[in-house]
Amino acid sequence: ARGGTVWHFIGERAMELNHMDGSLETALVESYEVVDDQALEFVLTLHQGINLHNKEPWNGREFNAEDLAFNLTRIKGLTADEEGIPLGAFQRASMLPGFVSAEPVDDYSVRVTLDSPGGSFLNGLAEIRNQMMPKGVVEMGFDDPLKFAGMSAYEITEHEPGVRMKFDRFNDYWRGTPGHFDALEMLVLPDRAANVAAFVGGDVNFFAGPQPHEREQILGALPDAQYTTWQGPHWEHHRFSNDVGKFDDFRMRKAFQLAIPYKQRN
């Protein structure tokens, strides 16, 4: 996934990061173990009873080791030739550094082999866009989202291309606790003006990142609207162009990275 997709509603990740301190936590994967002295092999063990949404051809079966191995292999881009997709389309491949292979050990465990030791592989499983899917989804195709089956608290039940999507609570959710809402609805809005109008009209529940004039417009129409601001991380950053001067030399780019006083900045 390059960005937010249907799978962010209906899928879940193998691992997660704690929202408060960023520490690594288990999710679909219940436990993990390093099984060799060089830390080149991990065994990932899934929770049992992770039921997929009840749709053909999965029919509510368990998410198992074959599914997990498929996801890791595909995220890394190792299915590119088989699918006829450029390797560059697998934009999260770098999130699984050192990954060589994933092989099911039994119904719930997968042995992962790396070509170099590194715990960052586990962090890659927690990357927000690395949502898990059932094996066989590639063969089924991605044209009809209503056929997608995940394992989250919500399943997709309605889809009008370019208009809306609806997700209903999945009552057989593996964590046991049902979703907080009966249903979620996503409207496709073509531009910022339409987003403002939808928020003012009560068609959507929030409007993120308002510009000053949009904020004035919204608060003028809805003086009771809750306006919240906070400081946090942003995506804005600089990248070196390999076509300019010495930046085509990896050593030069590495020197800039090493020169940043990270501890002082934190």
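Bear in mind that the values here come from a model prediction, so they are computed numbers and not experimental data.

**Student:** So, the pattern of salt bridges: which residues are in play, and what are the values?
**Tutor:** Applying the stated criterion across every chain yields a total of 14 salt bridges. Linking arginine 175 and glutamate 16 is a salt bridge whose minimum nitrogen-to-oxygen distance equals 3.1 Å. With arginine 175 in the loop between β8 (164-169) and β9 (183-187) and glutamate 16 in strand β1 (residues 15-17), this residue pair connects regions lying 159 residues apart in the sequence. Owing to a relative accessible area of 37%, arginine 175 belongs among the partly exposed residues under this scheme. Note that arginine 192 is salt-bridged to glutamate 214, the shortest N-O span being 2.6 Å. In this pair, arginine 192 is assigned in helix α6 (residues 192-200) and glutamate 214 in helix α7 (residues 212-221), connecting sequence segments 22 residues apart. Overall, arginine 192 belongs to the partly exposed group, its relative accessible area being 38%. Overlapping salt bridges, with partners in common, bring together Glu158, Glu160, Arg164 and Glu185 in one network.

**Student:** Report on the nonpolar core, specifying residues and quantitative values.
**Tutor:** Within the largest apolar cluster, 44 residues are counted, with the highest numbers of intra-cluster contacts made by Leu44, Phe63, Leu68, Leu72, Val112, Phe121 and Leu125. Secondary-structure elements contributing two or more residues to this core are α1 (7-10), β4 (41-46), α2 (65-75), β5 (99-104), β6 (109-114), α4 (120-125), β7 (154-160) and β8. Per element, the largest residue contribution to this core is six residues, and it comes from α2. Residues in contact with leucine 125, not counting those within four places in the same chain, are Arg13, Ala14, Met15, Leu44, Leu72, Leu96 and Asn130. Membership of the second largest hydrophobic core comes to six residues, among which are Val196, Phe199, Phe207 and Ile218.

**Student:** Break down the packing of aromatic side chains for me, with residues and values.
**Tutor:** Evaluated as defined, the whole model comprises seven aromatic pairs. With a centroid separation of 4.4 Å and 10° between ring planes, the pair formed by phenylalanine 9 and phenylalanine 167 is classed as stacked. A residue pair is termed long-range when its members are at least 10 positions apart, and phenylalanine 9 in helix α1 and phenylalanine 167 in strand β8 qualify at 158 residues. According to the relative accessible area criterion, phenylalanine 9 is partly exposed, its value standing at 27%. Seen in terms of ring centroids, phenylalanine 42 and phenylalanine 121 are 5.9 Å apart; in terms of plane orientation they differ by 40°. Their pairing is tilted. Pair noted here: phenylalanine 42 is in strand β4 and phenylalanine 121 is in helix α4, with a separation of 79 residues, a long-range link. Phenylalanine 121 sits in the buried class, given a relative accessible area of 0%.

**Student:** I'd like to hear about a nonpolar patch on the surface, residue by residue, with values.
**Tutor:** Judged by side-chain polarity, Phe240, Met252 and Phe256 come together as a nonpolar surface patch covering roughly 250 Å² of accessible area. Among the secondary structure elements, phenylalanine 256 is positioned in helix α8 (residues 250-259). Given a relative accessible area of 40%, phenylalanine 256 falls into the partly exposed group.

**Student:** Outline unusual backbone geometry, listing residues and values.
**Tutor:** Here glutamate 56 and proline 57 are connected by a cis peptide whose omega angle stands at 0°. Phi angles above zero are rare outside glycine, and alanine 39 is one such case at about 60°. Along the chain, the position of alanine 39 falls in the loop between β3 (29-34) and β4. Positioned with a positive phi, asparagine 59 is a non-glycine residue whose angle comes to about 50°. In this fold, asparagine 59 is placed in the loop between β4 and α2. On the basis of relative accessibility, which here comes to 42%, the residue asparagine 59 falls in the partly exposed class.

Calculation notes
- Residues numbered from 1 in each chain as written.
- Predicted model: local features only at pLDDT ≥ 70, side-chain atom pairs only at ≥ 80, totals over all residues.
- Heavy atoms only, no water.
- Salt bridge = Lys/Arg side-chain N within 4 Å of Asp/Glu carboxyl O.
- Helix = DSSP H or I, 4+ residues; strand = E, 2+ residues; numbered from the N terminus.
- Buried < 20%, exposed > 50% of the residue type's maximum accessible area, 1.4 Å probe, protein only.
- Core = buried A, V, L, I, M, F, W, Y, C linked by side-chain atoms within 4.5 Å.
- Contact = heavy atoms within 4.5 Å.
- Phe/Tyr/Trp six-rings, centres within 6.5 Å; stacked < 30°, edge-to-face > 60°.
- Patch = residues over 30% accessible without salt bridge, like charges linked within 9 Å, V, L, I, M, F, W, Y side chains within 5 Å.
- Areas by Shrake-Rupley, 256 points an atom, 1.4 Å probe, with all protein chains shown as cover.

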